[in-house]
Amino acid sequence: MIDLVDIRYVRFGTGDVDAAIGFCTDTMGLELVRRENGGAYLRGDDRDHNVYYFEGDPTDHTVGFEVVTRAELDSAFNELQAGGMKVRRGTEDEAASRRVMDFINFTDPTGNSIDIVLRPFHSGVRYFPGRDAGIQEFSHIGLNTSDPVRDEIFWCENFNFQPNDWISGSALISFDDIHHRIALFPCDRPGVQHVNFQVETYDDVMRSYYLLQEKQVKIVFGPGKHPLSTAQFLYFEGPDGMVYENSWGVLKLSENPDHRARQFPWEQWSLCMWGSVPDIPQFQT
């Protein structure tokens, strides 16, 4: 069993790094931390970065998760290799680009690129937003899956994930107190489906809603409320069609000791208890 302790970053290829920076800072409210080697590091909390954009194929996505010790990193490499996964050790230059001391990379059964990192960098300077969007932290991702049941088994048998709810055959899974760190969504291709940032209040969700409308950013879902996680949300389209989500009020398991995983049907009301209809292919009912 591989024990993960944090979700650290997403890495996205893009055809226009400058445009991605502009959207993430001026529209979303992330902070541009640095530009190096043609790429851009951005954040919404005290991690070194949460999002990295580089010149490349917009379908080239990688997600980074953290383990605590070198022994755990080595054990993860051996376990994944023994399980038939395509896994490799990162080079020093690749680790420097990821702002970590060491890492391994593997491809999950759908074909998603996953990093497991050791000693990722933190920032000694507080997060300073590009605009006051109320962002507090990078919280979770939606991840494409070509077989939700298979991939739930993969993540929960090889890692310390557990399912905390299902919608149809797709699991929302977590390794800690937060309701989900990965939401698995059916799709015929690998990749990150959406990126979530938690904000301080629901007022921040609504302020972003009106600002995004003013900027003519495509709103693809919300404002609404998820019955599974209790989060009040807004999804919108960012660079290269990547979907970003701002949400508030996600369920914490420690504050809900009676919670047990529930089965929801794939219906509109399972996605939003207020009735918002998503304009997201993976969310179509």
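Look a little higher up for the structure.
Small disclaimer: the values here were computed from a predicted structure and weren't measured.

Chemist: Can you help me understand the side chain of Glu 152 in this one?
Modeler: Locating Glu 152 in the fold gives a position in helix 4 (residues 148-158). Despite its burial, Glu 152 remains without a salt bridge, the nearest opposite charge being carried by Arg 150 at 11 Å. Of note is the side chain of Glu 152, whose polar atom sits 3.1 Å from the side chain of Trp 166. With residues near it in sequence (within four places) discarded, Glu 152 still touches Pro 163, Trp 166, Ala 171 and Leu 184.

Chemist: How should the nonpolar core be read in this particular structure?
Modeler: Across soluble globular proteins, nonpolar side chains have a tendency to be buried as a group. In this structure, Phe 65, Leu 80, Ile 116, Trp 155, Phe 159, Phe 161 and Tyr 244 are the most contacted members of the largest nonpolar core, which totals 59 residues. Excluding residues within four positions of it along the chain, Phe 65 makes contact with Leu 4, Asp 6, Ile 7, Arg 8, Ile 114, Asp 115, Ile 116, Val 117, Trp 155, Phe 161, Phe 175 and Ile 182. With 15 residues, the next largest nonpolar core counts Ile 167, Val 220, Tyr 235 and Phe 264 among its residues.

Chemist: So what exactly am I meant to see when it comes to the sheet that holds strand 3 (residues 39-43) here?
Modeler: Strand pairing in a sheet is mediated by backbone hydrogen bonds. Such pairs are either parallel or antiparallel. Strands sit in the order 2-3-4-1-5-8-7-6 across an open sheet of 8 strands; the sheet is mixed. What marks the edges here is a single partner per strand, and that holds for strand 2 (31-36) and strand 6 (86-89). If you compare each strand with its neighbour and ignore which way they point, the axes differ by 20° on average. Bridge count between strand 3 and strand 4 (residues 51-55): 3 bridges; the pairing is antiparallel.

Chemist: Hey, could you run me through the packing of aromatic side chains in this one?
Modeler: Ring pairs (aromatic) are described by centroid distance and by the angle formed between their planes. On inspection of all chains with the given rule, the structure shows 25 aromatic pairs. Taken together, Phe 65, Phe 106, Phe 154, Trp 155, Phe 159, Phe 161 and Phe 175 form an aromatic cluster joined through their ring pairs. For Arg 34, the ring lying beneath its charged end belongs to Tyr 41, and the centroid distance is 5.3 Å. The residue whose ring lies beneath Arg 89 is Phe 77, and the NZ or CZ to ring-centre distance is 4.3 Å.

Chemist: Would you mind going over the pairing of strand 9 (residues 135-145) with me for this structure?
Modeler: Remark: a regular strand shows side chains that alternate across the two faces of the sheet. Most of strand 9 sits inside the fold, with 9 of its 11 residues counted as buried. Looking at chain direction, strand 9 and strand 13 (residues 192-199) are connected through 7 bridges and run antiparallel. Note on strand 13: the bridge partner recorded for Phe 138 is Phe 197. Here strand 9 runs beside strand 12 (residues 182-186); their pairing, made up of 5 bridges, is parallel. Of the residues in strand 12, the one forming a bridge with Gly 142 is Ala 183.

Parameters at a glance
- The residue numbering used here restarts from 1 in each chain and proceeds along that chain's sequence as written.
- Two thresholds apply to this predicted model, a pLDDT of at least 70 for residue-level local features and 80 or more for giving and counting side-chain atom pairs, whereas whole-chain, interface and lining totals are computed over all residues.
- Hydrogens and water are ignored here; the side-chain numbers use all heavy atoms of the structure.
- Each helix corresponds to a stretch of at least 4 residues labelled H or I by DSSP, and each strand to a stretch of at least 2 residues labelled E; elements are numbered beginning at the N terminus.
- Remark: exposure states derive from per-residue accessible area (1.4 Å probe, protein chains only) relative to the maximum for the residue type, with buried under 20%, exposed over 50%, and partly exposed in between.
- Asp and Glu are treated as the negative residues and Lys and Arg as the positive ones, with His and the ends of the chain left uncounted.
- Salt bridges, as used here, are contacts in which a Lys or Arg side-chain nitrogen is within 4 Å of a carboxyl oxygen on Asp or Glu.
- Each polar contact in these results corresponds to two N or O atoms within 3.5 Å; when the atoms are within protein, one needs to be able to donate a hydrogen and the other to accept it, and residues that are neighboring in sequence are counted only if both atoms are side-chain atoms.
- The contact criterion used is simple: two residues touch if any of their non-hydrogen atoms lie within 4.5 Å.
- Here the nonpolar core consists of buried residues drawn from Ala, Val, Leu, Ile, Met, Phe, Trp, Tyr and Cys, with membership extended through side-chain atoms lying within 4.5 Å.
- Two strands pair under a simple rule: DSSP has to find at least two bridges between them.
- A fitted line through C-alpha atoms represents every axis, and for helices the fit uses only the stretch in contact; the resulting angles, taken between N-to-C directions, go from 0 to 180 degrees.
- Stacked, edge-to-face and tilted are the three classes for Phe, Tyr and Trp ring pairs, Trp counted by its six-membered ring, which pair at centre distances within 6.5 Å; planes under 30 degrees apart are stacked, over 60 edge-to-face, the rest tilted.
- Geometrically, a charge over a ring is one whose NZ (Lys) or CZ (Arg) sits within 6 Å of the ring centre while staying within 35 degrees of the ring normal.

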